Amino acid sequence: MTDVTGDPVTISGASAASDVLHTLFHSDQGGHEQVVLCQDRASGLKAVIALHNTALGPALGGTRFYPYASEAAAVADALNLARGMSYKNAMAGLDHGGGKAVIIGDPDVVKSEQLLLAYGRFVASLGGRYVTACDVGTYVADMDVVARECRWTTGRSPENGGAGDSSVLTAYGVFQGMRASAQHLWGDPTLRGRKVGIAGVGKVGRHLVEHLLSDGAEVVVTDVRPESVRHITEQHPGVAVAADTEALIRVEGLDIYAPCALGGALDDDSVPVLTAKVVCGAANNQLAHPGVEKDLADRGILYAPDYVVNAGGVIQVADELHGFDFDRCKAKASKIFDTTLSIFARAKVDGIPPAAAADRIAEQRMAEARSRH
């Protein structure tokens, strides 16, 4: 599962459509319950809604708006992302299955009110089997528009009954994952005196910096956007800066590495030179390919599975369905600490990497829910 939650996929060639169908019906990465192809020619909408597993409840996952190279690539991405959400929601303890939607096109060019309203009608036609939210290319303001046609919409603005930006609780959940990692590895759930490197200090990363500094950690940051780094150093002059991610992962004495930007941060090039003893970050799809989790384990690096520790955001949007309460959400996100510890314990007992242990626990919860139906 660990390779299917992040950046958009690219599929090319004449066999693309058959590859997608093989994934859906025949591969271990398939098993989806429903895939809906949506088109509204008046607005230019082309979308794919994929529901992977609804054993735990209605599928919950965001809407990605992206200029895919082909329709087949869009379907493949929707399948991968929906499956990833099944695991994330299961490990977050939510009564939701996994689903995801993608809208095909450049949002800067084709996004319009008419298109979003049309998309909302398609989501509404599923009668609550799928609950949508923000993802790459969609924002709180977009969800406000979608919600005008569909009550199964989360990630809306506070003015429209929503919870707004979910990055605050995402960062808080990652911090809880770091505390659990420290407890497991060093016997103390504090980051005091630990050196933590954060790659990507945007919406989530900057909140993570605050948590770490408050806990007494030493922080090193990097970001491809100089203005993001400048924002951090102006507020916190004691924060160190690495030239880039390549430099960050080689920082001497680094205790924890937190990938908080793009996926694929852990690959055949980065893992051998990583100085950190723990990897725990907010980015999706951190493992570039299957087998990287074993490479980390072989080097004695503790990996906190990304879809477990970054679940604060989905916890927040799920809570919005019941009338958002921040304190209630924060209490749920605090449980990421215990969940992460349970994964490390399961990994030790089973003699497998934590990523595989997380998958097993999630699959067990979904299977048990299915057997009760």
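Procedures and definitions
- Residues numbered from 1 in each chain as written.
- Predicted model: local features only at pLDDT ≥ 70, side-chain atom pairs only at ≥ 80, totals over all residues.
- Heavy atoms only, no water.
- Helix = DSSP H or I, 4+ residues; strand = E, 2+ residues; numbered from the N terminus.
- Rg over C-alpha atoms; globule rule 2.2 N^0.38 Å.
- Buried < 20%, exposed > 50% of the residue type's maximum accessible area, 1.4 Å probe, protein only.
- Contact = heavy atoms within 4.5 Å.
- Areas by Shrake-Rupley, 256 points an atom, 1.4 Å probe, with all protein chains shown as cover.
- Lys, Arg positive; Asp, Glu negative; His and termini not counted.
- Charge placed at Lys NZ, Arg CZ, Asp CG, Glu CD.
- Axes fitted to C-alpha atoms, helices over the stretch in contact; angles between N-to-C directions.
- Parallel < 35°, antiparallel > 145°, perpendicular 65-115°, else oblique.
- Left-handed = near helix turned anticlockwise from the far one by under 90°.
- Nonpolar A, V, L, I, M, F, W, Y, C, P; charged D, E, K, R; others polar.
- Core = buried A, V, L, I, M, F, W, Y, C linked by side-chain atoms within 4.5 Å.
- Salt bridge = Lys/Arg side-chain N within 4 Å of Asp/Glu carboxyl O.

## What about the overall build of the chain?
Within the chain, the regular secondary structure consists of 15 helices and 12 strands. Expected size for 373 residues packed as a compact globule is a radius of gyration near 21 Å; at 20 Å, the chain falls within 12% of this value. For the chain, the spread of C-alpha atoms along the three principal axes comes to 55 × 45 × 45 Å. Residues counted as buried form 56% of the 373 residues belonging to the chain. Of the contacts made within the chain by residues no fewer than 6 positions apart, 67% connect residues no fewer than 24 positions apart. Taken as a whole, the chain presents about 15,400 Å² of accessible surface, with 50% of it coming from carbon and sulfur. Distance from the positive charge centre (34 side chains) to the negative charge centre (45 side chains) of the chain: 5 Å.

## Details of the packing of helix H6 (residues 167-186) against helix H13 (residues 326-334)
For any two helices packed against each other, one specifies the crossing angle of their axes together with the interaxial distance. Direction vectors running N to C along H6 and H13 enclose 30°, while the axes themselves pass 9 Å from each other. Classified by the angle their axes make, H6 and H13 are roughly parallel. Relative to H13, H6 is oriented so that their crossing is right-handed. Along its contact with H6, which presents Val168, Leu169, Tyr172, Gly173 and Gln176, the element H13 presents Phe326, Cys329, Lys330, Ala333 and Ser334. Taken together, the residues that form the contact of H6 with H13 break down as 6 nonpolar, 3 polar and 1 charged.

## Some thoughts on the nonpolar core
Of all hydrophobic cores here, the largest spans 63 residues; its most connected members are Ile49, Tyr119, Tyr130, Met178, Ile198, Leu208 and Leu212. With 20 residues, the next largest nonpolar core counts Ala199, Ala276, Leu287 and Ala355 among its residues.

## Quick notes on unusual backbone geometry
The backbone of asparagine 285 shows a phi angle near 55°, a positive value even though the residue is not glycine. Position of asparagine 285 relative to the elements: it lies in the loop between strand E11 (278-279) and helix H10 (292-298). For asparagine 285, a relative accessible area of 13% gives the class buried.

## Examining the pattern of salt bridges
A complete count under the given rule lists 21 salt bridges for this structure. Here arginine 129 and glutamate 33 are joined by a salt bridge, their closest N and O atoms 3.5 Å apart. Taken together, the positions of arginine 129 in the loop between helix H4 (113-124) and strand E6 (130-131) and glutamate 33 in the loop between helix H1 (16-25) and strand E1 (34-40) put the pair 96 residues apart, joining distant regions of the chain. With a relative accessible area of 32%, arginine 129 lands in the partly exposed category. Glutamate 33 sits in the partly exposed class, given a relative accessible area of 31%. The partner of arginine 64 in a salt bridge is aspartate 77, with the nearest N and O atoms 3.6 Å apart. Separated by 13 residues along the polypeptide, arginine 64 in strand E4 (residues 63-66) and aspartate 77 in helix H2 (residues 71-91) bring together distant segments of the chain. Here arginine 64 matches aspartate 77 in class, with each residue buried. One connected set of salt bridges, linked through shared partners, spans Arg64, Asp77, Lys100 and Asp135.

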